[in-house]
Amino acid sequence: MSIVLNEQKSLFTLCTKTSMYQMKTDQYGVLLHTYYGKKTEIFDYSYLIQRRDHGFSGNPYQAGNDRTYSLDTLPQEYSCFGSGDYRQSALSVRYQTGARALELRVKDFEILEGKYRIPGLPSIYAEDGNRADTLVITMKDDVEDVCVKLYYGVLEDLDLITRAVCVENRGAAPVFLERVMSMCLDKPYGNYDWITFYGKHEMERQLSRTAVHHGVQAVGSLRGASSHQYNPFVMLSDRNTTETQGECYGFSLLYSGNFLAEAEKDQFDQTRVLMGIHPENFSFKLEPGESFWAPEAAMVYSDGGFEKLTHIYHRAFRNNLCRGRFKHARRPVLINNWEGTYFDFTGEKLLRMAEKAADLGVELFVMDDGWFGNRDTDNSGLGDWHVNEEKLGCTLAELSDRIHAMGLKFGIWYEPEGISEDSSLYREHPDWVLRVPGRNPMRGRYQLVLDFSRADVRDYIFDQMCSVLDRAKVDYLKWDFNRSISDVYSAQLPADRQGEVPHRYVLGLYEFLERLGKRYPDILLEGCSGGGGRFDAGMLHYTPQIWCSDDTDAVERLEIQYGTSFCYPVSTMGAHVSACPNHQTGRTTPLNTRAVVAMAGTFGYELDPGKLTEEEKDEVRKQIALFKEYYDLIQEGRYYRLTDPARDEHYAAWEFAKEDGSEALLCVVASRARTNDPPTRMLLRGLDEGVLYEAEGKVYPGGALIHGGFPVPEAKEEYQSWMFHFVRK
Ligand code: GLA
């Protein structure tokens, strides 16, 4: 059983394959957190809680004269503002009176078979064969009729626990929610590191590791999207945890909007982690009878370093978060015209590119930005989703048919949330954008943002999209979003509901994507936001792959894909071979290296194939054949980070290995050329000892590859790369 109760029904123990999580209702009905870590004996771990009389930490009235009982020092499952706990809280509400006190006490609980789902929000789901149970703990304030349900999804074999929160107003007056975090985790003991992923446009998800210090450390986004700047995935680890050893905890928020992840070390060296919707510019009004769901957080504990944590997330996200026909189907090798043409194309030009691409073995041709409205530059046309037949020289159906006749599938680009001031849509409906009354809006890439919290706006855009998608054969759709949201104000909501706009926007986005996916189940959706500005677990529920970064430079991609890989599987990372000198950095790398790096993702090309030499064309043909050969190993195998490209000076390396250890692919890039390079080897992982493997015509015992390693050849040119394939004999 994955959820175990004690006889008094006060101790809740959640068990996954290798982790254990425990909470206890104490004598006053407060839900204490007692354990999260390695799975071991089920026992009442509240013996570890030490209570002392601490000055200036208030005592609830219920505790009488017991000065040792204070919520300011106790490890709690879901802390509330106004309860005498002065640390960062999980929940903060305001009543009509202006008062903000909240003291939650456990009233009830329920164990449900299967994994709960959240209406309108993404969540991890159980597949046939997965063991999943749900624990719901209901807590209530004794004075105000505010009820909080804590949801725990225990996915035993996936080794993962999810959390979500539902707040209900059961009273007679409205209640305002001002902070509703999805999870709170108190660790009374231990010194931890706080690992986050920061970045910028064209350099996303760079790993940052710092010691948790006294005070609050936080990352988050107020950009309306999860952002290039900080990712909604963080880790807490022991100070000495490495890739393969030590304890760590992962927290992934399944949400694509404003978020906050905080670590606070308090006066008694206790660490609290909180994650959820960013409380800044957030408030949600609950009328009597209404409820609010905070998005899901997926938590993983690992006692085998970051690698084990990564493997747990990769498996769960691939199989139990992504959905639809493309979850496991082989994704086509694509070519995208963006870096090949930018806005400067005609139908004929695209057809010439497609013809050349088909000859190379490419399977899908994607027409990027610029095919609609008067969109010849990035300052016009967004919102006018009708085909620019003059530019294409034909209808979309004709273009698509001609591309299909070459044996290629056909895909197009959309930015449904964007609107240009120079568009018919904006001239007709200027009130459909997010804009603060009386102020000129902020421009971002010259464009404004449609108010996706509004159903009428979404319906209009949806109909526009359908009228295009219904008339031509489209196999793939890239959903882009090319600016951060500002001017957070919806013309449709009253003043006391403006704080709801960012969240309602995200709910609107999810509703739209859900509808689109249902209506066009055969279209492969790829998410994008100026590259990886919305690369999060929420989006992956709707789009099984996301364009990883607008930076296509192979060397920079080493770091971007490295950071991304901690939480997100290779099958979700959009990665393309582009032309050199690279358009973002000006760097020239060998074509082979560009392919080796892009093969650690969904793999495709983003260049004009007409500009390739005959020799390069032959190389591309071989790359595509190779990718197809290793497809299952790459996309479904286990991913191993063998080096940290930001720190290891000479070589960057990673490996894919089949779960049964029968096959592995070692990828190495000489990321920094040096004279008189010392000999280097890579220690392989995921193989079995005591069996033999063949690679490059030689046979090696598994143990030798694991403990002795595999020698890396000397680089003869800058950024040279290699792939070595190991097969069990
Ligand atoms: C974004 C995307 C690019 C491309 C352009 C088109 O920046 O990340 O891949 O689609 O928009 O405008």
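In this text the structure is predicted, and so the values were computed from the model without any measurement.

Procedures and definitions
- Residues numbered from 1 in each chain as written.
- Predicted model: local features only at pLDDT ≥ 70, side-chain atom pairs only at ≥ 80, totals over all residues.
- Heavy atoms only, no water.
- Helix = DSSP H or I, 4+ residues; strand = E, 2+ residues; numbered from the N terminus.
- Rg over C-alpha atoms; globule rule 2.2 N^0.38 Å.
- Buried < 20%, exposed > 50% of the residue type's maximum accessible area, 1.4 Å probe, protein only.
- Contact = heavy atoms within 4.5 Å.
- Pairing = 2+ DSSP bridges.
- Axes fitted to C-alpha atoms, helices over the stretch in contact; angles between N-to-C directions.
- Phe/Tyr/Trp six-rings, centres within 6.5 Å; stacked < 30°, edge-to-face > 60°.
- 1 Å grid on protein atoms, 1.4 Å probe; cavity = no way out; pocket = protein on both sides within 12 Å on 5 of 7 lines; lining within 4 Å.
- Points joined across faces, edges and corners; volume = space filled by probe spheres on them.
- Nonpolar A, V, L, I, M, F, W, Y, C, P; charged D, E, K, R; others polar.
- Disulfide = S-S within 2.5 Å.
- Near = heavy atom within 4 Å.
- Polar contact = N/O pair within 3.5 Å; in protein donor to acceptor, adjacent residues only side chain to side chain.
- Areas by Shrake-Rupley, 256 points an atom, 1.4 Å probe, with all protein chains shown as cover.
- Sits in = over half its atoms within 2 Å of the grid points.
- Core = buried A, V, L, I, M, F, W, Y, C linked by side-chain atoms within 4.5 Å.
- Salt bridge = Lys/Arg side-chain N within 4 Å of Asp/Glu carboxyl O.
- Parallel < 35°, antiparallel > 145°, perpendicular 65-115°, else oblique.
- Left-handed = near helix turned anticlockwise from the far one by under 90°.

(A) Here's a closer look at the overall build of the chain. Counting its regular elements, the chain contains 13 helices and 38 strands. Its C-alpha atoms give the chain a radius of gyration of 27 Å, within 12% of the compact-globule value 27 Å for 729 residues. Its C-alpha atoms give the chain principal-axis dimensions of roughly 85 × 70 × 45 Å. A total of 729 residues make up the chain; the buried ones form 63% of that total. When contacts within the chain are restricted to residue pairs at least 6 apart in sequence, long-range pairs at least 24 apart make up 69% of them.

(B) Main features of the sheet that holds strand β2 (residues 11-15). An order of β1-β2-β3-β4 is seen for the four strands of this open sheet, with the pairing classed as antiparallel. This sheet does not close on itself; its edge strands, each paired only once, are β1 (3-5) and β4 (31-38). Averaged over all pairs of adjacent strands, the angle between their axes in this sheet comes to 15°, without regard to strand direction. The pairing of strand β3 (residues 19-25) with β4 spans seven bridges and is antiparallel. Looking at β4, one finds that Met20 is bridged to Gly37.

(C) Expanded view of the packing of aromatic side chains. Across all of its chains, the model carries 48 aromatic pairs by this definition. Ring centres of Tyr151 and Trp293 lie 4.7 Å apart, and the angle between their planes is 45°; on these two criteria the pair is classed as tilted. Placement of the pair is Tyr151 in strand β8 (residues 146-155) and Trp293 in strand β19 (residues 291-302), with a sequence separation of 142 residues. Side by side, Tyr151 and Trp293 carry an identical accessibility label, which is buried. Ring-pair connections join several aromatic residues into one group, and the members of that group are Phe197, Phe233, Phe306, Tyr313, Phe317, Phe535, Tyr562, Phe566 and Tyr568.

(D) Looking closely at empty space enclosed by the protein. On inspection of all chains with the given rule, the structure shows six cavities of 30 Å³ or more. Estimated volume of the largest cavity: approximately 100 Å³. Forming the walls of the largest cavity are 14 residues, and the residues nearest its centre are Leu558, Tyr562, Tyr639, Pro645 and Trp654. Those elements that place two or more of their residues in the lining of the largest cavity are α10 (554-565), β31 (638-641) and β32 (651-657). If one sorts the elements of the lining of the largest cavity by residue count, α10 sits on top with four residues. Looking at the lining of the largest cavity, its residues break down into 10 nonpolar, two polar and two charged. Val30, Leu31, Leu71, Gln76, Glu77, Tyr78, Cys80, Ser83, Glu103, Leu104, Arg105 and Met139 together form the lining of the second largest cavity. For the lining of the second largest cavity, a count of residues per class yields seven nonpolar, two polar and three charged.

(E) How the structure looks around the state of the cysteines. Scanning all chains against the criterion turns up zero disulfides. Lacking any disulfide linkage, Cys80 is separated from the closest cysteine sulfur, that of Cys184, by 9.2 Å. Counting only cysteine sulfurs, Cys528 is the nearest neighbor of Cys548, a cysteine outside any disulfide, at a range of 11 Å.

(F) Main features of the site of the ligand. For the ligand, the set of nearby residues contains 13 residues, the closest of which are Asp368, Asp369, Lys478, Gly531 and Asp550. Residue Gly531 places a main-chain N or O atom 2.9 Å away from an oxygen atom belonging to the ligand. Isolated, the ligand exposes 310 Å² of accessible area, and the fraction of that covered by the protein chains is 96%. Of the pockets mapped on this structure, the ligand occupies the largest pocket. Grouping the amino acids of the shell around the ligand by side-chain chemistry returns four nonpolar, three polar and six charged.

(G) Inspection of the nonpolar core at higher detail. Judged by nonpolar contacts, the single largest core of 197 residues is most densely connected at Tyr78 and Trp371. Counting 22 residues, the second-largest nonpolar core is a separate cluster that includes Tyr651, Ala664, Met682 and Leu684.

(H) Here's a closer look at the pattern of salt bridges. Considering all chains together, one arrives at 62 salt bridges under this definition. Measuring nitrogen to oxygen at the nearest pair gives 3.2 Å for the salt bridge that ties Arg427 to Asp422. A relative accessible area of 54% places Arg427 in the exposed class. Since its relative accessible area comes to 32%, Asp422 is described here as partly exposed. Residues participating in the shared-partner salt-bridge network are Asp85, Arg87, Asp186, Asp266 and Arg272.

(I) Summary view of the environment of Gly697. Mapped onto the secondary structure, Gly697 falls in the loop between β35 (692-695) and β36 (698-701). Along the primary structure Gly697 and Arg435 are separated by 262 residues, whereas in three dimensions their C-alpha atoms are 65 Å apart.

(J) Here's a closer look at the packing of helix α3 (residues 347-360) against helix α5 (residues 396-405). α5 packs onto α3 with a crossing angle of 15° between their chain directions and a minimal axis gap of 10 Å. Here α3 lies roughly parallel to α5, going by the angle between them. For the crossing formed where α3 meets α5, the hand is right-handed. Taken together, the residues of α5 that come into contact with α3 (itself represented by Gly347, Glu348, Leu350, Leu351 and Ala354) are Leu399, Arg402 and Ile403. Grouping the constituent residues of the contact of α3 with α5 by class yields five nonpolar, one polar and two charged.

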